[in-house]
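If you want the building blocks of each chain, they are given just below.
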Amino acid sequence: MSKTAKIIYTKTDEAPALATYSFLPIVEAFTKTSDIEIEVKDISLAHRILALFPEYLNPEQQVSDALTELGELAKKPEANIIKLPNISASVPQLKAAIKELQNLGYNIPNYPEEANTDKEKEIQQKYNKVKGSAVNPVLREGNSDRRAPKAVKNYAKKNPHSMGAWSPNSKTHVASMNGGDFYSNEKSVTISKAGDVKIVFKDNNGNTTVLKQKTSLLEGEIIDATVMNKKALINFLEAQIKDAKEKNILFSLHMKATMMKVSDPIIFGHAVKVFFKEVFNKHHEVLEKIGVEENNGFGDLISKIKTLPEDLKTEIETDIKTCFKNGPSLAMVNSDKGITNLHVPSDVIIDASMPAMIRTSGQMWNAEGKLQDTKAVIPDSSYASIYQATINFCKEHGAFDPTTMGTVPNVGLMAQKAEEYGSHDKTFEITANGVVQVIDESNHILIEHNVETGDIWRMCQVKDAPIQDWIKLAVKRAKSSQTPAIFWLDENRAHDAEIIKKINLYLPKLDTKGLDIQIMSPKNATLYTLKRLKDGLDTISVTGNVLRDFLTDLFPILELGTSAKMLSIVPLMNGGGLFETGAGGSAPKHVQQFNEEGHLRWDSLGEFLALAVSLEHLGETNNNSKALILAETLDDATDMFLDNKKSPSRKVGELDNRGSHYYLALYWAEALSKQNKDIELKDKFTKIALALKENEQTILNELNGAQGKPVDLGGYYEPNEDLTKNAMRPSTTFNQIIKSID
Ligand SMILES: NC(=O)C1=CN([C@@H]2O[C@H](COP(=O)(O)OP(=O)(O)OC[C@H]3O[C@@H](n4cnc5c(N)ncnc54)[C@H](OP(=O)(O)O)[C@@H]3O)[C@@H](O)[C@H]2O)C=CC1
Ligand SMILES: O=C(O)CCC(=O)C(=O)O
Ligand SMILES: [Mg+2]
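Everything in this summary refers to the structure shown in the same document. Keep in mind that this is a model prediction, so the values were computed, not measured. (Residues numbered from 1 in each chain as written. Chains lettered and ligands numbered in written order. Predicted model: local features only at pLDDT ≥ 70, side-chain atom pairs only at ≥ 80, totals over all residues. Heavy atoms only, no water.)

### Examining the overall build of the protein
Counting its secondary structure elements, the protein contains 28 helices and 24 strands. Scaling as 2.2 N^0.38, a compact globule of 742 residues should have a C-alpha radius of gyration of about 27 Å, and the protein matches this with 26 Å. Considered along the principal axes of its C-alpha atoms, the protein spans approximately 80 × 70 × 60 Å. Looking at the protein as a whole, 61% of its 742 residues qualify as buried. Within the protein, residue pairs in contact and separated by at least 24 positions form 78% of the contacts whose partners lie at least 6 positions apart. Once the 88 positive and 99 negative side-chain charges of the protein are each reduced to a mean point, those two points are 3 Å apart. (Helix = DSSP H or I, 4+ residues; strand = E, 2+ residues; numbered from the N terminus. Rg over C-alpha atoms; globule rule 2.2 N^0.38 Å. Buried < 20%, exposed > 50% of the residue type's maximum accessible area, 1.4 Å probe, protein only. Contact = heavy atoms within 4.5 Å. Lys, Arg positive; Asp, Glu negative; His and termini not counted. Charge placed at Lys NZ, Arg CZ, Asp CG, Glu CD.)

Okay, here's the thing in structure tokens:
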């Protein structure tokens with residue numbers, strides 16, 4: 001008999017966290033039959049915040065730093081982690097979470113927007129640790145393998161989701177800078193000898209400031225640095241606002257303010273300031289006094305002016321209305337509630353928002369709740385060409401047809417904080433005109449940029465071992481699926497040129513006989529891949545970290561309707577496995593619907609797929625045959641689940657997330673009862689399958705009966721444990737059957 005092995009199941013935020021209250025008890029009950037321990041680690045935003053401040057909390061309120069523990073575990077061979085999507089918090093979300101925790105009696109400090117004292121600086125630094133993409137880079141100690149499993153792809157072909165038609169006359173387009181951006185200013189070097197570098201800023205008056213004292217680099221590591229020029233950015237934004245107005249199309253800004261948590265909120269803030277230029281110019285002093293932070297969005301402006309005397313507030317509101325009147329219409333996040341594209345930096349996140357637009361005829365919602373052509377503003381041009389190429393393709397050929405299109409799996413470079421993931425502590429908003437230099441221990445200047453006040457300078461790094469691992473993974477996937485693989489790299493980009501050198505060095509050392517492996521610029525790779533995709537052919541995209549993120553939403557959303565149905569594996573470099581559930585996020589809109597009408601439309605298919613591969617990994621690494629049977633039967637159950645269309649519906653009163661879990665449990669138990677490899681499991685689950693089937697109607701009545709009314713969970717970031725448990729497990733009959741599994 002194998003010894004008990006452990007799977008870590010992460011507790012996160014929003015919709016996936018709610019789904020966990022229903023699904024996890026099923027997982028625990030099924031796996032405890034087979035020497036498998038499920039350990040829950042809470043890495044929700046709320047718990048990550050609490051873990052920062054033990055000294056502010058009573059002993060019974062203190063929580064362990066689960067994320068750091070998991071980050072350590074991810075480097076060990078025994079790691080087997082199921083990772084659900086979590087909130088990568090923008091500052092407005094962070095502040096809301098802090099307030100909620102304070103109201104619950106946790107005496108944590110406020111987020112100091114401006115840190116003046118040492119104490120405030122210390123607190124701000126701590127909070128910065130949980131801001132933005134603070135979880136994924138810590139756990140992703142391996143590269144990314146994301147693809148649509150065959151069963152899911154076949155299901156989508158047989159049951160296509162809706163696709164908005166494309167008109168060749170669509171005015172929708174992408175707008176990016178022609179110069180002065182990160183793309184055009186990038187410089188890159190490969191380090192020939194391990195050592196430390198220092199980043200310094202020398203202003204034009206001869207003053208030197210050390211921006212970062214020490215960054216340790218390994219031999220063969222690639223570093224790159226670049227700068228976004230503030231003046232060029234502002235000119236660009238002004239021109240785009242004017243052009244959107246003239247063309248009578250929506251203005252919509254698409255950023256990744258969560259993943260690029262330092263640079264992108266600043267760029268977002270410039271867009272807010274330019275759009276509401278008259279307000280910010282005229283009321284500069286007042287807005288400064290009440291602490292309006294444009295980087296936190298237009299929402300910050302409208303909430304903070306509420307504190308002003310009535311007449312001043314009205315004057316500013318009138319000036320805001322004039323900006324709306326004179327400017328182009330803004331794309332809306334929620335037209336019913338008047339939430340615009342510029343309200344909060346985390347409401348429109350490029351990876352999901354651009355594909356959603358492309359799926360919807362290239363249109364977004366306007367303030368009247370109608371769809372309209374859009375100018376998608378993506379200031380930096382490094383990766384924007386892929387969306388323009390896709391839009392052009394749709395204009396020429398019409399929308400893709402999910403019943404016939406091929407698939408685009410991705411192999412993404414991200415291990416050990418590769419590329420932009422590791423840029424956070426090396427991104428700076430420049431305070432004066434001068435020069436930024438990266439200097440090695442022998443005082444050689446490796447990279448140098450002339451900069452001006454307000455420019456955003458950043459440096460990234462990627463180590464040699466992750467690059468080698470990524471190339472191997474690409475070859476492995478190309479071989480096992482017999483699919484062409486394209487490296488999406490732009491030889492004219494400094495960083496990509498260094499990566500291409502490594503590919504040319506390492507690829508010939510691998511067995512690539514019979515494989516079709518090519519390198520193309522992102523734009524050409526898009527055109528090549530889209531053509532094949534339309535013709536029903538598959539093509540693996542092998543990309544850096546940002547394109548990994550973009551493409552693993554773009555293609556799944558076009559092919560499957562959502563990225564939630566992706567198999568998302570991170571083979572950890574030290575032998576463990578990180579199994580992510582889908583390629584999407586935590587679906588805040590789903591929580592809103594659940595709160596309002598008691599229906600959770602979150603689809604847990606990603607969790608089912610991740611659990612199956614996690615069990616398979618556990619079975620193989622621990623010699624646990626029962627785990628392998630659980631994995632196989634879970635895959636069978638998922639096939640049944642898809643065939644019988646038991647995914648959650650979008651509509652209240654119909655099957656939701658909880659009901660979908662009942663069917664998964666039923667099909668899993670049935671599959672276990674049908675297999676003959678393990679009689680103990682067969683006997684155990686035959687009883688359970690029968691009980692679940694016999695009680696189908698009662699269970700569905702109990703589950704669906706819980707819908708149709710508002711649900712109070714007692715909190716958003718830290719929902720009340722009992723209230724959530726009761727809300728997510730409303731069928732006593734189902735709960736008792738699950739409990740009876742021994
Ligand atoms: N791996 C991770 O940890 C990731 C975390 N995030 C975080 O998630 C949050 C939300 O990001 P956002 O950009 O809105 O992207 P999401 O993927 O969360 O949401 C976009 C839309 O995708 C659909 N969707 C996503 N997951 C599911 C699912 N399981 N079942 C059904 N539909 C689904 C929903 O469409 P509909 O509303 O039409 O039902 C949803 O509104 C942010 O805080 C972001 O930082 C984002 C990506 C990855
Ligand atoms: O880490 C994040 O903030 C989001 C990551 C993401 O969107 C992805 O991995 O697809
Ligand atoms: Mg993503």
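### Here we look at the site of ligand 1
Close contacts around ligand 1 come from 23 residues, with Gly585, Ala587, His590, Arg601 and Asp603 the closest. Note that an oxygen atom of ligand 1 is positioned 3.3 Å from one of the backbone N or O atoms of Ser88. Out of a free accessible area of 870 Å², ligand 1 has 83% covered by protein chains. Top contributing element to the shell around ligand 1 by residue count: helix α21 (residues 588-597), with 3 residues. Classifying every residue of the shell around ligand 1 by side-chain character gives 8 nonpolar, 9 polar and 6 charged. (Near = heavy atom within 4 Å. Polar contact = N/O pair within 3.5 Å; in protein donor to acceptor, adjacent residues only side chain to side chain. Areas by Shrake-Rupley, 256 points an atom, 1.4 Å probe, with all protein chains shown as cover. Nonpolar A, V, L, I, M, F, W, Y, C, P; charged D, E, K, R; others polar.)

### Things to note about the coordination of the magnesium ion (ligand 3)
Coordination of the magnesium ion (ligand 3) by the protein comes from Asp351 (OD) and Asp549 (OD), over a distance range of 2.0 to 2.1 Å. Within this pair, whereas Asp351 is found in helix α15 (residues 350-359), its partner Asp549 is found in helix α20 (residues 545-560), the two being separated by 198 residues in sequence. Residues Asp351 and Asp549 agree in their burial class; the two are buried. (Donors = N, O, S within 2.8 Å, 3.2 Å for Na, K, Ca; no water.)

### Quick look at the packing of α15 against helix α16 (residues 385-397)
Two elements in contact, α15 and α16, have axes separated by 11 Å at closest approach and are oriented at 10°. It follows from the interaxial angle that α15 and α16 lie roughly parallel. The crossing of α15 and α16 is right-handed. Together, Ile350, Asp351, Met354, Met357 and Ile358 of α15 and Tyr387, Thr390, Ile391 and Cys394 of α16 make up the contact between the two elements. Of the residues that constitute the contact of α15 with α16, the class distribution is 7 nonpolar, 1 polar and 1 charged. (Axes fitted to C-alpha atoms, helices over the stretch in contact; angles between N-to-C directions. Parallel < 35°, antiparallel > 145°, perpendicular 65-115°, else oblique. Left-handed = near helix turned anticlockwise from the far one by under 90°.)

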